[in-house]
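# Examining the three-dimensional arrangement
For reference, the chains in residue letters:
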Amino acid sequence: MTAGNRPRGAGRRQVLAVLGDHGAQTRLELAGRTGLSASAVSAACSDLLLAGLVRDEPDESVGTRRGRGRPAYRVSLVPPSGPLLGVDIGNTHVRVAVGDVTGRVLAEGAVALDDAAHPETALDRAGSLTSRVVAEAGHDLDDLRLAVLGVPAPLTEQGHAVAANNILPLWVGRRPGEELGERLGVEVLMDNDANLGALGEQRTGAGADRPDGSLVYLKLATGIGAGLVLGGRLFRGDGGTAGELGHVQVDPAGVLCRCGSRGCLETVVSLPHLLHAVGAVTDGPLDADGLGALVADGHSGAIRVVADAGRTVGQVLASLVTVLNPGLLVVGGHVRPLTELLAEHVRAAVGWWAQPAAAARVEVRASALGARAEVMGALALAGEEMTARHRAELTAM
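Residues numbered from 1 in each chain as written. Predicted model: local features only at pLDDT ≥ 70, side-chain atom pairs only at ≥ 80, totals over all residues. Heavy atoms only, no water.

## Observations concerning the overall build of the chain
Applicable threshold: Each helix is a run of DSSP H or I of at least 4 residues and each strand a run of E of at least 2, with the numbering of both proceeding from the N terminus. Here the term buried applies to any residue with accessible area under 20% of the maximum for its type, exposed to any over 50%, and partly exposed to those in between, with areas from a 1.4 Å probe on protein chains only. Contacts are assigned to residue pairs that have any heavy atoms within 4.5 Å of one another. Note on areas: Shrake-Rupley, 1.4 Å probe, and residue coverage restricted to the protein chains presented here. His is not counted, nor are the chain ends, whereas Lys and Arg count as positive and Asp and Glu as negative. Every charge is mapped onto a representative atom, which is NZ of Lys, CZ of Arg, CG of Asp or CD of Glu.
Across its full length, the chain carries 13 helices and 12 strands. With the C-alpha coordinates of the chain rotated into their principal frame, the extents come out at 80 × 50 × 35 Å. In the chain, buried positions account for 48% of the 397 residues. Considering only residue pairs separated by 6 or more positions, the chain has 61% of its internal contacts joining residues 24 or more positions apart. Of the roughly 18,100 Å² of accessible surface on the chain, 51% is carried by carbon and sulfur atoms. The distance from the centre of the 36 positive side-chain charges to the centre of the 44 negative ones in the chain is 10 Å.

Following this line, the structure appears as structure tokens:
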């Protein structure tokens, strides 16, 4: 039996597999990739259209019509339906977004978190906020298809539990994804917040103009982390700890770090360190917004401290830029004056310390999404996982 004369059931599976692997295709392209005849491809597409598994969409590369002939269309898989959930738990906030598989946000909300150190408190706040936001999106919790939770801590190799040596010691060994899932009645996947911030900026933020490129996302907060997107895909490393930038040693004789090493980057330029340094010359307690306001107002001490931090971080990032040769480095954070000043001095340090060809290639930008980067990354990851599952189900038919 030749490829062009295979049974129609096999033809449908081949067409679905090609669409899953390569995206929208013309019927001519489907024939070329499957080895099926034009009539077999046409029959398979007709069956799949009737079943609601694929759809025709205009082929924008050639317009909707070729002269006086038939309209030009591409065949694509019908995406899965139903709302998805992204949840970002930080040290001082919980942010939730409900969207669809395309990344469109239906509703979003955030609340302050007084003490993320206690898992029960943080997860309860996440659960109650989710209930409200899902209702604002016009859905019930039972409608949710999948959720992704971001946490500010490294995860175990399996990605289900919080690993040791993080800024939230009471979370170690816990499975917050499963615990939130029990509260909401939906499957919850989990990832590190810096990874999700990188994905969010790459999909809909500062890196949206280079969807298949490589991006490094810096998150400077209570700790310091980096998320890596290589070739358009998240890179977590073999053990899931890729991007632990805060534990690169910068001072062998420095203070002891929580990880057990000495003089880690986190002990020098984390946000609490910056606030302490600037707070010594200001009145009253200082938070990130207050530090940003001082920078915006031209406070010389605040500018000096943040600029020094940017140069120190940039020197560490220079090695990463030399080794990975990314096209974009995004400095994250929700306070625009801080991210812009940090980005300026990170850019200068990378230009000075990185290998010249790599330094010339990389662009340094401040975050475009700000505080929303992580939750948008969570939604993007949920959408990609749902799409992958949907394609697997179709090609197994």
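Moving on from the model shown.
## Description of the layout of surface pockets
Note the following rule: In this analysis, the protein atoms alone were mapped onto a 1 Å grid. Cavities are point sets where a 1.4 Å probe fits without being able to get out; pockets are open sets with protein on both sides within 12 Å along at least five of seven lines; lining residues have an atom within 4 Å of a point. Grid points are joined across faces, edges and corners, and a volume is the space filled by probe spheres set on the points. For this classification, the nonpolar set comprises Ala, Val, Leu, Ile, Met, Phe, Trp, Tyr, Cys and Pro, the charged set comprises Asp, Glu, Lys and Arg, and every other residue, Gly included, is treated as polar.
Its volume calculated, the largest pocket comes out at about 1,200 Å³. Considering the residues around the largest pocket, the lining is formed by 47 residues, among which Ala380, Leu381, Gly383, Glu384 and Glu385 are closest to the centre. When residues of the lining of the largest pocket are traced back to their parent elements, those giving at least two are strand 2 (73-77), helix 5 (176-184), strand 7 (188-192), helix 6 (193-204), strand 10 (233-235) and helix 13 (373-395). Among the elements that make up the lining of the largest pocket, the one with the highest residue count is helix 13 (11 residues). Of the residues in the lining of the largest pocket, the class split is 18 nonpolar, 18 polar and 11 charged.

## Considering helix 9 (residues 288-296)
Side chains of residues three or four places apart in an α-helix project in the same direction, reflecting 3.6 residues per turn. Spelled out, the test is: Think of it as the arc spanned by the lines of direction from the helix axis to the C-beta atoms.
What helix 9 keeps buried is the set Ala288, Leu291, Gly292, Leu294 and Val295. Buried positions in helix 9, seen along its axis, are confined to an arc of 160° and lie on one side of it. The inward-facing, buried residues of helix 9 contact helix 8 (271-279), helix 10 (300-324) and helix 11 (336-353).

## Structural notes on the packing of helix 4 (residues 119-136) against helix 5
Note the following rule: Only the stretch in contact is used when fitting a helix axis, every axis being a line fitted to C-alpha atoms; angles between N-to-C directions are given from 0 to 180 degrees. The labels follow the angle: roughly parallel below 35 degrees, roughly antiparallel above 145, roughly perpendicular from 65 to 115, and oblique for the rest. Note: crossing handedness is left-handed where the near helix turns anticlockwise from the far helix by less than a right angle, and right-handed where it turns clockwise.
Packing of helix 4 against helix 5 brings their axes to within 10 Å, and their N-to-C directions diverge by 40°. Taken together, the axes of helix 4 and helix 5 are oblique relative to one another. Here the hand of the crossing between helix 4 and helix 5 comes out right-handed. Note on element contacts: helix 5 touches helix 4 through Pro176, Glu179, Leu180, Arg183 and Leu184, opposite Glu120, Leu123, Asp124, Ala126, Gly127 and Thr130.

## Regarding helix 5
For helix 5, the complete set of buried residues consists of Pro176, Gly177, Glu179, Leu180, Gly181 and Leu184. A positive phi of about 75° marks Gly185, the residue just after helix 5.

## Let's talk about the nonpolar core
Selection criterion: Residues grouped as a nonpolar core are buried Ala, Val, Leu, Ile, Met, Phe, Trp, Tyr and Cys residues, joined through side-chain atoms within 4.5 Å.
Of all hydrophobic cores here, the largest spans 42 residues; its most connected members are Leu245, Leu291, Val313, Leu317, Leu329 and Val350. For Val313, the residues in contact, after removing those within four places along its chain, are Leu218, Leu220, Leu245, Leu265, Val269 and Val346.

## Remarks on the environment of Leu286
Mapping Leu286 onto the fold places it in the loop between helix 8 and helix 9. Taking the C-alpha atoms as reference, Leu286 lies 9.9 Å from Leu274; in sequence the two are 12 residues apart. Once residues lying within four places of it in the same chain are set aside, the contact partners of Leu286 are Leu275, Val278, Gly279, Leu291 and Leu294.

## Focus on the sheet that holds strand 4 (residues 93-99)
The condition is simple: In this scheme, strands are said to pair when DSSP sees at least two bridges between them.
In spatial order, the strands read 5-4-3-6-7; together these five strands make up an open sheet with mixed pairing. The open sheet is flanked by strand 5 (105-112) and strand 7, the only strands paired with a single partner. Between one strand axis and the next, the sheet turns through 15° on average, direction left out of account. Where strand 6 (residues 146-151) and strand 7 come together, five bridges link them in parallel fashion.

## Details of the sheet that holds strand 12 (residues 363-366)
Pairing is mixed across the open sheet formed by five strands, whose spatial order is 10-9-8-11-12. The sheet is open, and its two borders are formed by strand 10 and strand 12, each paired with just one other strand. Strand-to-strand twist across the sheet, computed as the mean angle between neighbouring axes with direction ignored, equals 25°. The pairing of strand 9 (residues 224-230) with strand 10 spans three bridges and is classified as antiparallel.

## Digging into the pattern of salt bridges
Threshold: We define a salt bridge as a contact between a side-chain nitrogen of Lys or Arg and a carboxyl oxygen of Asp or Glu at a distance within 4 Å.
Applying the stated criterion across every chain, the model contains 26 salt bridges. The salt bridge partner of Arg210 is Asp209, with a shortest N-O separation of 3.8 Å. With a closest N to O distance of 2.7 Å, Glu266 and Arg258 form a salt bridge. Take Glu266: its relative accessible area is 9%, and that puts it in the buried class. Residue classification places Arg258 among the partly exposed residues on the basis of a relative accessible area of 31%.

## Observations regarding the side chain of Ser76
Counting through the fold element by element, Ser76 comes out in strand 2. Taking relative accessible area as the criterion, Ser76 reaches 8% and is therefore assigned buried. If near-sequence neighbours (up to four positions away) are discounted, Ser76 is found in contact with Leu19, Ala24, Val54, Arg55 and Glu57.

## A short note on the pairing of strand 11 (residues 328-331)
Neither face of strand 11 is open: one carries Leu328 and Val330, the other Leu329 and Val331, and all of them are buried. When strand 8 (residues 215-220) meets strand 11, the two strands line up parallel, connected through four bridges. Counted as the bridge partner of Tyr217 is Val330 from strand 11. Summarising the sheet, strand 11 and strand 12 pair through four bridges and their orientation is parallel. Note that in strand 12 the partner of Val330 across the bridge is Arg365.

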